[in-house]
Amino acid sequence: MKNLKARGQIVLSPVLGKYFDDFEVGSGKGSYLFDVNGKKYLDFASGIACCVTGHCHPRVVAAAKKQTEKLIHTCIGVAYYEPYVKLAEELQKIAPMKNAQAFFCQSGSEAVEAAIKLAKYATKKPGILAFQGGFHGRTLGALSVTTSKMKYREGYEPLLPEIYVAPFDLKVVEGLIKSHPNKIAGVIIEPILGEGGYVVVEAAFLKKLRQLCDKHGLLLIFDEVQTGIGHTGKWFACEHARVAPDIITLAKGIASGFPLGACLAKPEIMARWSPGAHGSTFGGNPVNCAAAIATLKVIREEKLLSNAAKLGSYLKVNLQKLQKKFPIIKEVRGIGLMLGVDFGNSELTKTIMNYCLEKGLVLISTGANGTVLRFIPALNISKKQIDEGLGIFASALENV
Ligand SMILES: Cc1ncc(COP(=O)(O)O)c(C=O)c1O
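Residues numbered from 1 in each chain as written. Predicted model: local features only at pLDDT ≥ 70, side-chain atom pairs only at ≥ 80, totals over all residues. Heavy atoms only, no water.

A.B. asks: Which parts of the structure should I look at to understand the packing of aromatic side chains?
C.D. replies: Any pair of aromatic rings gets described here by the distance separating the centres and the angle formed by the planes. Scanning the entire structure with this criterion turns up 12 aromatic pairs. Ring geometry for Phe20 versus Phe23: centroids 5.8 Å apart, planes at 85 degrees, classification edge-to-face. Aromatic side chains Phe131 and Phe205 sit 5.7 Å apart centroid to centroid with 75 degrees between the ring planes, which places their arrangement in the edge-to-face category. With Phe131 in strand E5 (residues 127-131) and Phe205 in helix H8 (residues 203-216), this pair connects stretches of sequence that are 74 residues apart. Take Phe131: its relative accessible area is 2%, and that puts it in the buried class. Look at Phe205 and you get buried, because its relative accessible area is 12%. A network of ring pairs unites the aromatic residues Phe44, Phe343, Phe375 and Phe393 as a single cluster. In this arrangement the basic side chain of Lys40 is found over the ring face of Tyr32, its NZ or CZ atom lying 4.3 Å from the centre. Between Arg138 and the ring centre of Tyr152, over which it is positioned, the NZ or CZ distance is 3.9 Å. (Phe/Tyr/Trp six-rings, centres within 6.5 Å; stacked < 30°, edge-to-face > 60°. Helix = DSSP H or I, 4+ residues; strand = E, 2+ residues; numbered from the N terminus. Buried < 20%, exposed > 50% of the residue type's maximum accessible area, 1.4 Å probe, protein only. Lys NZ or Arg CZ within 6 Å of the ring centre and 35° of its normal.)

The structure is reproduced here in structure tokens:
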């Protein structure tokens with residue numbers, strides 16, 4: 001039998017990008033992945049920020065198993081079912097806006113599609129304003145507001161019309177709004193740019209953006225697909241800035257790796273979305289919702305938000321110490337367990353990434369030019385595991 005890579009090269013689309021050439025995974029447990037030969041890896045990528053409770057958390061597995069035996073699918077369009085309603089109730093309790101109502105889908109891109117459609121539909125305005133360096137997904141609508149890597153857009157333009165892309169300059173933002181009266185439905189922004197390189201948007205900027213949206217009657221959409229569900233030590237990154245959006249998009253960590261996305265909005269905005277104006281066959285599938293409910297419960301009961309805040313600070317301080325020792329590190333940034341180490345050099349970043357993998361640590365890159373290594377482990381990682389990862393990372397810095 002050929003290896004997975006050789007078999008994949010015959011049957012898989014070459015469009016699939018790869019961080020590593022030869023990494024073949026067989027299983028995962030907690031903060032560890034095991035390759036097909038049984039070699040153990042400490043996972044600081046957690047499936048690109050998805051496996052917030054670690055790999056195969058027993059309570060998440062048990063909830064999904066139980067639901068699988070009870071009801072796998074019916075579609076919310078056909079009938080109400082417990083996990084869909086229960087998950088919406090649980091999210092309403094933690095959402096940054098009051099009485100938020102939910103629409104579920106399968107992915108981050110679809111959550112963004114839903115947010116864009118909702119903003120347009122509810123305001124009867126065609127346009128969306130986005131920020132330079134933002135990443136919101138690969139479907140055509142989400143791609144229209146994505147500029148983190150222009151390569152993602154090549155070959156697909158023209159994309160959605162009436163998209164306005166601004167730098168992080170509120171004067172320019174207000175100028176765009178004023179010069180397009182009654183054209184812009186909403187503004188979409190990531191509180192921490194994820195694929196843009198783990199760049200934290202300042203709290204003051206988010207506060208002023210909120211004021212600007214209120215002044216001009218625009219909806220504020222926070223894309224928390226990557227920042228959401230605890231990575232920053234709070235449920236949502238916007239809580240650090242004490243700014244609430246009108247609409248929020250979630251996916252990735254919401255169900256510990258089960259495919260689920262959510263678009264939450266204030267009830268007065270959701271009330272303007274007519275029945276049937278949007279939909280999804282699999283969105284909020286019972287098994288994925290059961291996994292999400294269990295995920296939220298585990299985070300709450302195992303106190304994982306405070307663990308992410310505490311160990312995030314510990315990790316950041318230690319990465320900053322390494323920066324002092326190794327000037328190849330240009331910047332350490334981020335909040336909680338969502339940290340980026342910028343080398344300002346993509347080749348070097350790749351070399352370190354590959355060295356770490358070889359030594360048993362999974363770290364993946366991000367940023368417009370791939371110059372940043374992201375540290376986004378599971379929220380229940382231990383101090384011992386953080387030290388283990390830091391040790392491997394430090395040896396990479398010494399040896400490359
Ligand atoms: C902030 C943000 N929004 C949207 C997406 C798209 O999510 P998905 O890949 O699940 O479609 C991502 C994915 O990385 C993301 O980081």
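Right, picking up where we left off after that structure.
A.B. asks: Got a minute to help me understand the site of the ligand in this structure?
C.D. replies: In the vicinity of the ligand, the contacting residues are Ser107, Gly108, Ser109, Phe135, His136, Gly137, Glu190, Glu195, Asp223, Val225, Gln226 and Lys252. Within the side chain of Asp223, one N or O atom sits 2.7 Å away from a nitrogen atom of the ligand. Between the ligand and Gln226, the relevant distance is 2.9 Å, taken from an oxygen atom to a side-chain nitrogen or oxygen of the residue. When its residues are assigned to classes, the shell around the ligand shows 2 nonpolar, 6 polar and 4 charged. (Near = heavy atom within 4 Å. Polar contact = N/O pair within 3.5 Å; in protein donor to acceptor, adjacent residues only side chain to side chain. Nonpolar A, V, L, I, M, F, W, Y, C, P; charged D, E, K, R; others polar.)

A.B. asks: I tried to follow helix H13 (residues 346-358) on my own but got confused; where do I start?
C.D. replies: Every α-helix carries 3.6 residues per turn, so stepping three or four residues along brings you back to the same face. With 13 residues, H13 should cover 18 Å at 1.5 Å per step; its first-to-last C-alpha distance of 18 Å lies within 8% of that length. Those residues of H13 not exposed but buried are Leu348, Thr349, Ile352, Met353, Cys356 and Leu357. The opening residue of H13 is Asn345, an N-cap whose side-chain oxygen sits 3.0 Å from the backbone nitrogen of Glu347. Just past H13, the residue Gly360 takes up positive phi, approximately 95 degrees. (Expected span 1.5 Å × (residues − 1).)

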